[in-house]
Amino acid sequence: MITAKHAEKEFDRLRRGINVRNWTYSAQMDLLNKQVQIAILSHLEQQGRKRRKPSAYNLFFAKKAAQGLSAAEIAKGWKDR
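Described below are features of the structure shown in this document. (Residues numbered from 1 in each chain as written. Predicted model: local features only at pLDDT ≥ 70, side-chain atom pairs only at ≥ 80, totals over all residues. Heavy atoms only, no water.)

Glancing now at the overall build of the protein. The helix and strand inventory of the protein stands at 4 helices and 0 strands. When the helices and strands of the protein are read in sequence order from the N terminus, they spell out α-α-α-α. A burial count over the protein gives 11% of its 81 residues as buried. A separation threshold of at least 6 residues defines the contact pool for the protein, and within that pool the share at least 24 residues apart is 41%. (Helix = DSSP H or I, 4+ residues; strand = E, 2+ residues; numbered from the N terminus. Buried < 20%, exposed > 50% of the residue type's maximum accessible area, 1.4 Å probe, protein only. Contact = heavy atoms within 4.5 Å.)

Our focus in this paragraph is the packing of helix 3 (residues 56-66) against helix 4 (residues 71-80). Remark: helix 3 packs on helix 4, axes separated minimally by 10 Å, with the N-to-C direction vectors making an angle of 130°. As the angle between them shows, helix 3 and helix 4 are arranged oblique. For helix 3 against helix 4, the interelement crossing comes out right-handed. Contacts from Ala56, Tyr57, Phe60, Phe61, Lys64 and Ala65 in helix 3 reach Ala71, Ile74, Ala75, Gly77 and Trp78 in helix 4. Its residues assigned to classes, the contact of helix 3 with helix 4 shows 9 nonpolar, 1 polar and 1 charged. (Axes fitted to C-alpha atoms, helices over the stretch in contact; angles between N-to-C directions. Parallel < 35°, antiparallel > 145°, perpendicular 65-115°, else oblique. Left-handed = near helix turned anticlockwise from the far one by under 90°. Nonpolar A, V, L, I, M, F, W, Y, C, P; charged D, E, K, R; others polar.)

So, about the packing of aromatic side chains. By the definition in use, this model includes 3 aromatic pairs. Taken together, a centroid distance of 5.9 Å and an interplanar angle of 45° make the contact between Tyr57 and Phe61 tilted. Of the two residues, Tyr57 and Phe61 are both situated in helix 3; the distance of 4 residues between them amounts to about one turn of the helix. You can call Phe61 partly exposed: its relative accessible area is 29%. On the numbers, 5.3 Å between centres and 55° between planes, the contact of Phe60 with Trp78 is tilted. One end of the pair, Phe60, is in helix 3; the other, Trp78, is in helix 4, with 18 residues separating them in the sequence. (Phe/Tyr/Trp six-rings, centres within 6.5 Å; stacked < 30°, edge-to-face > 60°.)

Moving on, we get to the environment of Ile38. Residue placement: Ile38 occurs in helix 2 (residues 25-47). Measuring from C-alpha to C-alpha, the distance between Ile38 and Lys9 comes to 10.0 Å, with 29 residues separating the pair along the chain.

Printed below as a string of structure tokens:
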């Protein structure tokens, strides 16, 4: 996947030193589409990866591990639960 930084470099390379008024309609639309892609990519990078909600077992495991129990004891306690 292309990153926002790479998309911005590509966009700058395209528009550097070129008068947009002389462009055809399709070239202007291509430039606009690239701008939209850059905006979307930068938003996604800012947002970051959303974490999944931990399962009940993982919460139980973390709680018992903090109390100092071994993994085998924790698994046995989960089964007895």
